[in-house]
Amino acid sequence: GSGAVKLWNVKTNQCIRTMPSGYSLCCAFVPGEMHAIVGTKGGRLILYKLSSGEILSDIQAHEGSLWSLDIRPDGRGFVTGGADKVAKFWDFELVNSSNRTEEQPDLAENKDEDEESEKKQKLISGEDNREDDNNKMELGMFHTRTLKMSEDILCVRYSKHMSK
């Protein structure tokens, strides 16, 4: 079905942006407030760039409704849970926007983690706005682990008091 995500200014009560999504069930802002993730009834996971409304990634994440998602306390990833009795763990990644595909691979490349982490934090916070379209990096996401359960997963949450 048709559906949309609406971004509102809470001070003025005005709708700032309307973005296509289908039947949305859950959502979260990515730390830095520049991106949002939406989970849908069809099991899709959609990553939006809020400044433009652009869909950066649209992945078939679950085989059934994606009921819940939660951002990891360190802000570097998130977890999703759905009607398919699966919890999936995801990490954020930097992807070259000219090479971006709708279905991102589930494999992480071996990269210099400190350098990559610093770039990722700048991008998430909006500090890294490059104008060079040939080498423009955007936020992406990739699946890292799966936890199978015996029942539908209606809610997932990280403890905000996790030790590092």
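The paragraphs below set out a description of the structure included in this document. (Residues numbered from 1 in each chain as written. Predicted model: local features only at pLDDT ≥ 70, side-chain atom pairs only at ≥ 80, totals over all residues. Heavy atoms only, no water.)

What to know about the pairing of strand 8 (residues 77-82)
For a regular strand, side chains alternate in direction, first toward one face of the sheet and then toward the other.
Piece 1. By the criterion of burial, strand 8 is predominantly enclosed, with six of the six residues buried.
Piece 2. With burial as the criterion, each face of strand 8 is covered, one bearing Gly77, Val79 and Gly81 and the other bearing Phe78, Thr80 and Gly82.
Piece 3. What sits between the antiparallel neighbours strand 7 (residues 66-71) and strand 8 is a turn of five residues, in which Gly75 has the positive phi angle 75 degrees.
Piece 4. Count of turn residues in the strand 8/strand 9 (residues 86-96) antiparallel hairpin: three residues, of which Lys85 carries a positive phi of about 65 degrees. (Buried < 20%, exposed > 50% of the residue type's maximum accessible area, 1.4 Å probe, protein only. Helix = DSSP H or I, 4+ residues; strand = E, 2+ residues; numbered from the N terminus. Pairing = 2+ DSSP bridges.)

Examining the nonpolar core
Piece 1. Ile37, Leu45, Leu47, Phe78 and Phe92 are the most contacted members of the largest nonpolar core, which totals 17 residues.
Piece 2. Of all the secondary-structure elements, those providing two or more residues to this core are strand 3 (24-29), strand 5 (44-49), strand 6 (54-60), strand 7, strand 9 and strand 10 (137-148).
Piece 3. Here this core takes three residues from strand 7, the largest share from any one element.
Piece 4. Apart from the residues lying within four places of it in its own chain, the contact partners of Leu45 are Ile37, Val38, Ser57, Asp58, Ile59, Ala61, Leu66, Leu69, Phe78, Thr80, Trp90 and Met141. (Core = buried A, V, L, I, M, F, W, Y, C linked by side-chain atoms within 4.5 Å. Contact = heavy atoms within 4.5 Å.)

With respect to the sheet that holds strand 9
Piece 1. Strand order across the open sheet formed by four strands is 7-8-9-10, with antiparallel pairing between neighbours. Lying at the two open borders of the sheet, with one neighbouring strand each, are strand 7 and strand 10. If you compare each strand with its neighbour and ignore which way they point, the axes differ by 25 degrees on average. (Axes fitted to C-alpha atoms, helices over the stretch in contact; angles between N-to-C directions.)

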